[in-house]
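# Coordinate inspection notes
The primary structure of each chain is shown beneath.
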Amino acid sequence: MLFRSRSEAGIGDEFINVRFMNHLKRLNINPIWFTERKDLAKVFNNNHYKTITSLDELGVEDGEIYWCHSMDLPVLLNLKYEDLWNGPYIKATKKSNLTLNNKLKIGIRWQGNPDYDNDLHRSVPLKDIWETIKDIDASFYSLQRDDGVEEVYNFPEIYPLHENHLDTFEDTLSVINDLDIIITTCTSIAHAAAAMDKKTFVFSPMSSYYIWCYSKNQPKSPWYGDNVKLLRQKRPRYWNEPLEELRKCLTGLL
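Overview of the structure. (Residues numbered from 1 in each chain as written. Predicted model: local features only at pLDDT ≥ 70, side-chain atom pairs only at ≥ 80, totals over all residues. Heavy atoms only, no water.)

### Examining the state of the cysteines
Two cysteines, two sulfur atoms, one covalent bond between them: this is a disulfide. Selection rule: Note on terminology: disulfide denotes any pair of cysteine sulfur atoms within 2.5 Å. Exposure is judged per residue with a 1.4 Å probe applied to protein chains only, and the accessible area is read against the type maximum: over 50% gives exposed, under 20% gives buried, and values in between give partly exposed.
Across all of its chains, the model carries zero disulfides by this definition. This cysteine, Cys 213, is not joined by any disulfide, and Cys 186 carries the nearest cysteine sulfur, 9.5 Å off. Not engaged in a disulfide, the cysteine Cys 249 finds its nearest cysteine sulfur in Cys 186; these two sulfurs lie 18 Å apart. Given a relative accessible area of 15%, Cys 249 falls into the buried group.

### So, the nonpolar core
Threshold: Here, the term nonpolar core denotes a set of buried Ala, Val, Leu, Ile, Met, Phe, Trp, Tyr and Cys residues that are joined through side-chain atoms within 4.5 Å. Note on conventions: DSSP H or I runs of at least 4 residues are helices, E runs of at least 2 residues are strands, and numbering of each starts at the N terminus.
By size, the foremost hydrophobic cluster in this structure holds 46 residues, and its most contacted members are Phe 15, Phe 44, Ile 90, Leu 143, Leu 173 and Tyr 224. Among the elements of the structure, helix H1 (11–17), helix H2 (20–26), helix H3 (38–46), helix H7 (169–178), helix H8 (188–195) and strand S10 (228–232) are those that each provide at least two residues to this core. A per-element tally of this core places H8 first, with six residues. Counting 24 residues, the second-largest nonpolar core is a separate cluster that includes Ile 108, Trp 110, Val 152 and Leu 246.

### So, the environment of Ile 90
Quick note on the threshold: Every residue pair with non-hydrogen atoms within 4.5 Å of one another is taken to be in contact.
In this structure, Ile 90 sits in the loop between helix H4 (73–76) and strand S5 (104–109). For the pair Ile 90 and Ala 193, spaced 103 residues apart in sequence, the C-alpha separation works out to 8.7 Å. With residues up to four places along the chain from it excluded, the contact list for Ile 90 reads Phe 15, Val 18, Phe 44, Asn 47, Tyr 49, Leu 173, Ala 195 and Met 196.

### Observations regarding H7
Since the α-helix turns once every 3.6 residues, residues separated by three or four places project in the same direction. The element H7 is largely enclosed, with a buried count of eight among its 10 residues. All buried positions along H7 are accounted for by Phe 169, Glu 170, Asp 171, Thr 172, Leu 173, Ser 174, Val 175 and Ile 176. Contacts made by the buried residues of H7 are with H1, H3, strand S8 (181–185) and H8.

### Regarding the packing of aromatic side chains
We count it as follows: Only the six-membered ring of Trp is used, alongside the rings of Phe and Tyr, when aromatic pairs are assigned; centres must lie within 6.5 Å, and planes under 30 degrees apart are stacked while those over 60 apart are edge-to-face, with the rest tilted. Note on criteria: charge over ring means Lys NZ or Arg CZ within 6 Å of the ring centre, with the direction from the centre no more than 35 degrees off the ring normal.
Scanning all chains against the criterion turns up 13 aromatic pairs. Centre to centre, the rings of Phe 15 and Phe 169 are 5.3 Å apart; their planes meet at 45°, and the pair counts as tilted. Taken together, the residues span a long stretch of sequence, with Phe 15 in helix H1 and Phe 169 in helix H7 at a distance of 154 residues. Relative accessible area serves as the criterion here: at 0%, Phe 15 is assigned to the buried category. Ring plane angle 65° and centroid distance 6.0 Å describe the contact between Trp 85 and Tyr 224, whose orientation is recorded as edge-to-face. Remark: Tyr 224 occurs in the loop between strand S9 (199–204) and S10 and Trp 85 occurs in the loop between H4 and S5; sequence separation between them is 139 residues. Tyr 224 shares its class with Trp 85; the two are buried. The ring of Phe 20 carries Arg 19 above its face, with NZ or CZ at 6.0 Å from the centroid. Lying across the ring of Tyr 238, Arg 235 places its NZ or CZ 4.5 Å from the centre.

### Section: the pairing of strand S6 (residues 138–142)
Our working rule: DSSP calls a pair of strands paired once it identifies at least 2 bridges connecting them.
Burial runs high along S6: five of the five residues are buried. Residues of S6 alternate between two faces, with Ala 138, Phe 140 and Ser 142 on one and Ser 139 and Tyr 141 on the opposite face, all of them buried. The pairing of S6 with strand S7 (residues 158–160) spans three bridges and is parallel. From the neighbouring strand, Tyr 141 faces S7, where its bridge partner is Tyr 159.

### Some points on the sheet that holds S7
What counts here: Axis geometry follows a simple rule: fit a line to the C-alpha atoms, using only the stretch in contact for helices, then measure angles between N-to-C directions, giving values from 0 to 180 degrees.
Ordered in space as S7-S6-S5-S8-S9-S10, the six strands form an open sheet in which the pairing is parallel. A single partner strand is all that each edge strand has here, and the edge strands are S7 and S10. When strand polarity is set aside, the average angle formed by the axes of neighbouring strands in this sheet is 25°. By the bridge criterion, four bridges tie S5 to S8 in an arrangement that is parallel. Bridge pairing in S8 places Gly 107 opposite Ile 182. Each of S8, S9 and S10 touches helix H9 (residues 240–253); the most contacted strand, S9, lies at about 170° to it.

Structure (structure tokens):
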């Protein structure tokens, strides 16, 4: 049987749901991931998830293909919460050219795509994050790319990775692999780092994405392992409590 899973949302959603390729393989299904993002296709293929960017690559007619939307997969597979996480399922497949030191290395992503309707509510001002963590004995790296990168130049202590190290998603994964901790809003970086089982702190707004909605009282999500901690917003438009929680967590790690 040929199976096609077509991703229908953002890059983060592709990272979330590509895990189910492994479930399909265990059912003796030949799954093929279909994405129009060539950059992401290379990452998935390098992680042994057969991925195409055009149906022409299959050499068959549409009527010969069984397919579904990728976000439907956990329902169609009749999965329970305990079935969602089976350990890391994405890894970096190249080495970064990042010059490293012996300090704790922290990556920061504070904003997503502004075209996303909820981006205003999920983004956290970099100045607020920096005021919270600037006294931590660590080296800091910006994982911001495209929109919002100009903010990093207000903080010379944060290394702007977008200048030389984030050209492709393969580059981004290689950098994440070299870092010790990722601090991010709910963007593709959160899901890529979580899929790699990297120590990740995620700012979750009041109106949370479904991945984070298992329990409003829990700092974790069944979609990921213990290395992911949710910093849940308590009041609309205010990030004071999540930022304070972040500082406590980082202090406890040192």
